[in-house]
Structures are given as structure tokens and as C-alpha cells.
Amino acid sequence: MLELDNLKVTFGKQEVLKSLTMTLESQAVGLLGPNGAGKTTLLNTLLGFNPPTAGTARVLGYDIIRDSGEMKSLIGYMPENDSFISGITAVRFVAMMAELSGLPRGVALEKAHEALFWTGLGEARYRKIETFSQGMKQLVKLAQAIVHGPRLLFLDEPTNGLDPPARQRMLTLINDIVHRSGTRLLLSSHLLRDVEECCQDVLILNQGEIAGCHNLEDEKESKLKFLELDLLGDKNLFTAELERRGCSSAEYADGRLKVVLPETLSSAEVFFIALDMNVQVRKMEMKRSTLEDIFLQAVEKRHGCVQ
């Protein structure tokens with residue numbers, strides 16, 4: 001899907017993307033990072049809006065500089081911010097985007113009707129877009145991104161501003177595109193659950209650098225199990241004994257204890273350790289690491305916070 005080859009982008013004296021090198025081959029990739037990490041800059045650079053300061057990238061095998069025209073015809077792009085034309089109807093807007101993507105006028109109009117019906121906007125397609133709700137505007141942006149039948153979708157915050165039902169509908173449509181048509185996906189979002197629901201791999205950016213790249217299924221299977229404990233008693237004595245037996249622990253803000261277990265120690269043994277320490281276990285839950293754990297660990301490593 002995507003190859004980054006020492007890709008660097010500088011705005012004035014600020015280095016926004018710092019020599020990114022990475023190959024991504026899966027069907028659906030999530031792009032994560034805190035605000036200012038460089039996610040939107042990376043998308044804009046791949047689309048040709050920001051010329052690289054150094055290095056290059058290849059999208060679907062096409063060089064973003066040398067093969068820009070061929071590459072763009074294969075991509076659908078849904079931007080984060082609205083960019084509608086005042087007074088235009090949904091069907092005219094989507095048809096115009098289809099024409100700009102290379103479709104003949106008659107075919108573009110036909111495909112625009114199909115895309116709007118598919119997103120659920122068939123009855124509203126002749127209305128002016130400025131009369132639409134935020135959820136409907138997001139669906140128009142999705143329709144214009146898929147109208148020309150792209151091989152790869154770039155979606156930048158597709159659930160931005162949506163309430164829970166509208167968000168779930170958007171994610172269902174995205175999954176339908178990926179799994180039924182075989183279209184590849186690069187999804188940029190600050191919502192980890194969106195990425196978990198739609199993507200196989202995740203690329204994490206932080207301060208313009210690659211902080212991590214993970215296959216979500218592999219991570220879920222390989223991550224160590226951990227316990228969340230609500231305790232009453234001497235936590236310091238208890239955690240010291242756990243660490244002596246190979247555990248690591250951290251305390252949440254609300255006082256709960258997170259304990260990462262080695263393979264040699266079971267949750268039942270933890271309960272008996274608490275009993276020996278005269279510590280009362282009020283609640284014990286077994287969990288596995290989530291995408292949030294993966295994300296926070298990657299970002300914190302870049303700040304030197306995780307050993």
C-alpha cells in the first residue's frame with residue numbers, strides 16, 4: 001500500500017516530518033498520533049499538497065513526485081475539514097468530484113447518484129449541502145471520496161463531530177467498502193476505537209517521527225495479561241512482594257492497581273499473596289492490553305517515560 005523512503009517535510013525552520021522510512025502492506029492501516037504529530041501533514045504530502053523537503057514515498061507502487069497523476073486517479077480522499085461550494089447540491093458536488101477524478105460527465109452523474117444512495121443520502125441528494133446536518137455532511141464527503149471507484153481511500157477523521165449512532169453508521173460503511181470491494185484504507189483518527197474497528201495495522205506518529213508500527217491481532221495475542229485490582233490495606237507491601245515475584249505494577253488515579261503478570265504467576269496466586277499480606281481484594285479483573293496501551297506506550301517511549 002505505502003512505502004515511505006526517508007520522507008522529510010519542513011515548513012520554514014520547523015521540521016514536521018522527520019525522515020520517515022516504513023513499508024505498509026496490509027488492507028487497512030490506522031494512522032494515530034497526538035495533536036501535532038504530523039498525521040494530516042503526512043496525508044497531504046502523499047496527496048501532493050506539501051512537496052517533500054527530502055526523500056519520497058510510493059503509494060500503490062507509484063512515486064508521489066514522479067507518478068503523481070497516475071497515483072491520484074487511484075485514490076479517494078475524505079478531508080477532515082469541510083470544503084463545500086456555497087449553494088451547491090449534494091449530487092452536483094459529488095458529480096463534480098467524480099469528473100475531477102477523470103470520469104466522463106454522464107458517468108460521473110450516474111456514479112454520484114449511486115454513491116449518495118449507498119451512503120443513505122438518496123432522498124436528500126438534490127438539497128443544498130449547507131442545509132445538511134454535520135452527519136450528513138460527513139456522508140457527502142465519504143460519497144465524493146468513493147464515487148470514482150478508488151483502489152485506496154485516505155480518510156482523515158471520518159467520524160469527526162458525529163453522535164454515537166452516526167459514528168457507528170460511518171464505521172459500518174467504511175468496513176463495507178474495505179471488505180466487500182477490496183479497497184485499501186489509510187484511516188487517520190484520534191479515536192482509538194475507530195481504528196480498532198476498521199484496521200489491521202496501526203502506524204503511530206509522534207513529533208514527526210514513527211513511534212511504532214503494530215499488527216493489532218498480533219499485539220492482542222502476544223501482550224501479557226494483567227490484573228486490575230481494587231484493594232484495601234497496605235498496597236506498598238503488597239506491590240513490593242509482587243515485584244519480588246516478577247510482576248510490574250502501576251496505580252491509577254482512582255487508586256486501582258494495574259499488575260502485569262509474568263507467565264509463571266497466576267491470578268489465583270496473586271489472591272493468596274494478598275491474603276498473606278493481610279490485604280483485602282475487593283475487586284479483581286483479568287484484562288489484556290488494548291490499542292490504548294499500545295498507543296500510550298509508543299508515545300511515552302518517545303518522551304523517555306517508559307523504561
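These figures come from a predicted structure and were not determined experimentally. (Residues numbered from 1 in each chain as written. Predicted model: local features only at pLDDT ≥ 70, side-chain atom pairs only at ≥ 80, totals over all residues. Heavy atoms only, no water.)

### Some remarks on the overall build of the protein
Note the cut-off: In this text, helices come from DSSP runs of H or I with a minimum length of four residues, and strands from runs of E with a minimum of two, each type numbered from the N-terminal end. The cut-offs for exposure are 20% and 50% of the maximum accessible area for each residue type, with area from a 1.4 Å probe on protein chains only; residues under the lower value are buried, those over the upper are exposed, and the others partly exposed. Between two residues, a contact is recorded if the distance between any of their heavy atoms is within 4.5 Å. Shrake-Rupley sampling with a 1.4 Å probe provides the accessible areas, and residues are treated as covered by the protein chains on show and by no other component.
Within the protein, the regular secondary structure consists of 11 helices and 14 strands. For the protein, the residues scored as buried account for 48% of the 307 residues in total. Of all intrachain contacts in the protein linking residues separated by at least 6 positions in sequence, the fraction that spans at least 24 positions is 69%. Working note: accessible area of the protein is about 15,300 Å², and carbon and sulfur atoms make up 48% of it.

### Comments concerning the layout of surface pockets
Here is the rule we go by: Site definitions follow a grid-based scheme: protein atoms alone, a 1 Å grid, a 1.4 Å probe that fits but cannot get out for cavities, and for pockets an open set with protein on both sides within 12 Å along at least five of seven lines, plus lining residues having an atom within 4 Å of a point. Grid points are joined across faces, edges and corners, and a volume is the space filled by probe spheres set on the points. All amino acids are sorted into three groups, where Ala, Val, Leu, Ile, Met, Phe, Trp, Tyr, Cys and Pro are nonpolar, Asp, Glu, Lys and Arg are charged, and the leftover types, Gly among them, are polar.
Of the voids in this model, the second largest pocket is the one considered here, and its volume is about 500 Å³. Taken together, 18 residues form the lining of the second largest pocket, with Phe49, Tyr77, Met97, Ser101 and Gln144 sitting closest to its centre. Those elements giving two or more residues to the lining of the second largest pocket turn out to be strand S6 (75–78), helix H3 (90–100) and helix H5 (134–146). Looking at the lining of the second largest pocket residue by residue, the class counts come to 10 nonpolar, 6 polar and 2 charged.

### Remarks on the pairing of strand S9 (residues 201–206)
Each regular strand carries side chains that alternate between the two faces of the sheet. Counted only if it meets this: Any two strands with at least two DSSP bridges between them are considered paired.
Most of S9 sits out of view: 6 of its 6 residues are buried. Residues Asp201, Leu203 and Leu205 line one face of S9 and the alternating positions Val202, Ile204 and Asn206 line the opposite face, and both faces are buried. Both strand S3 (residues 28–32) and S9 contribute to a ladder of 4 bridges, which runs parallel. Bridge assignment links Leu31 to a residue of S9, and that residue is Leu203. Both S9 and strand S10 (residues 209–215) contribute to a ladder of 6 bridges, which runs antiparallel.

### Regarding unusual backbone geometry
You will see that Asn6, though not glycine, has its phi angle at about 55°, which is positive. Mapped onto the secondary structure, Asn6 falls in strand S1 (residues 2–11). Its identity as a non-glycine residue notwithstanding, Glu157 has a phi of 50°, on the positive side. Tracing the backbone through its elements, the reader meets Glu157 in the loop between strand S7 (152–156) and helix H6 (164–181).

### Thoughts on the nonpolar core
For clarity, the cut-off: Here, nonpolar core refers to any group of buried Ala, Val, Leu, Ile, Met, Phe, Trp, Tyr and Cys residues whose side-chain atoms link them within 4.5 Å.
Core analysis: the biggest nonpolar cluster contains 48 residues, and Leu32, Val94, Val140, Leu142, Leu155 and Leu185 have the highest contact counts within it. Not counting the four nearest positions on each side in its chain, Leu32 is found in contact with Lys39, Ser189, Leu192, Val195, Val202, Leu203, Ile204, Leu205, Leu291 and Phe295.

### Some thoughts on a nonpolar patch on the surface
Spelled out, the test is: Patches draw on residues past 30% relative accessible area with no salt bridge. Two like charges within 9 Å are joined, as are two nonpolar side chains (Val, Leu, Ile, Met, Phe, Trp, Tyr) within 5 Å. One speaks of a salt bridge when a side-chain nitrogen belonging to Lys or Arg is within 4 Å of a carboxyl oxygen belonging to Asp or Glu.
A cluster of nonpolar residues, Phe271, Phe272 and Leu275, forms a patch on the protein surface that exposes about 320 Å² of accessible area. Note that Leu275 resides in helix H10 (residues 267–276).

### Structural notes on the packing of aromatic side chains
To keep it simple, the criterion reads: Paired rings are identified among Phe, Tyr and Trp, the last through its six-membered ring, by centres lying within 6.5 Å, and are further divided according to the angle between planes into stacked (under 30 degrees), edge-to-face (over 60) and tilted (the rest).
Here the structure, examined in full by the defined rule, presents 3 aromatic pairs. Where Phe49 meets Tyr77, the ring centres are 6.2 Å apart and the plane angle is 55°; that geometry is what we call tilted. Here the residue Phe49 occupies a position in the loop between helix H1 (39–46) and strand S4 (54–59), and Tyr77 occupies one in strand S6, the gap between them amounting to 28 residues. The exposure class of Phe49 is exposed, given its relative accessible area of 54%. For the ring pair Phe271 and Phe272, a centre distance of 5.9 Å and an interplane angle of 80° mean the geometry is edge-to-face. Classification of Phe271 by relative accessible area gives partly exposed; the value is 40%. Using a relative accessible area of 49% as the deciding quantity, one classes Phe272 as partly exposed.

### Structural notes on the packing of H5 against H6
Selection rule: Axes here mean lines fitted to C-alpha atoms, for a helix over just the part in contact, with angles spanning 0 to 180 degrees between N-to-C directions. By definition in this entry, angles of less than 35 degrees are roughly parallel, angles greater than 145 are roughly antiparallel, angles of 65 to 115 are roughly perpendicular, and the rest are oblique.
At a closest axis distance of 11 Å, the pairing of H5 and H6 adopts a crossing angle of 10°. It follows that H5 is roughly parallel to H6 by the angle criterion. Counting all contacts with H5, which are made through Gln138, Leu139, Leu142 and Ile146, the residues of H6 involved are Arg169, Met170, Leu173 and Ile177. Looking at the contact of H5 with H6, its residues break down into 6 nonpolar, 1 polar and 1 charged.

### A closer look at the packing of helix H9 (residues 235–244) against H10
Short version of the rule: It is the rotation of the near helix from the far one that decides the hand of a crossing: anticlockwise by less than a right angle makes it left-handed, clockwise makes it right-handed.
Where H9 contacts H10, the axes come no closer than 10 Å and their chain directions differ by 135°. Here H9 lies oblique to H10, going by the angle between them. For the pair H9 and H10, the sense of crossing is right-handed. Side by side, H9 and H10 meet where Phe238, Glu241 and Leu242 of the first sit next to Val270, Ile273 and Ala274 of the second.

### Thoughts on the sheet that holds S4
Pairing is antiparallel in the open sheet, where 4 strands are placed in the order S2-S1-S4-S5. At either margin of the open sheet sits one strand with a lone partner, and together these are strand S2 (14–24) and strand S5 (62–63). Note: S1 against S4, 5 bridges, orientation antiparallel. Residue pairing for S4: Leu4 is matched across the bridge by Ala57. Its contacts with the sheet place H1 against S1, S2 and S4, and it is angled at close to 110° to S1.

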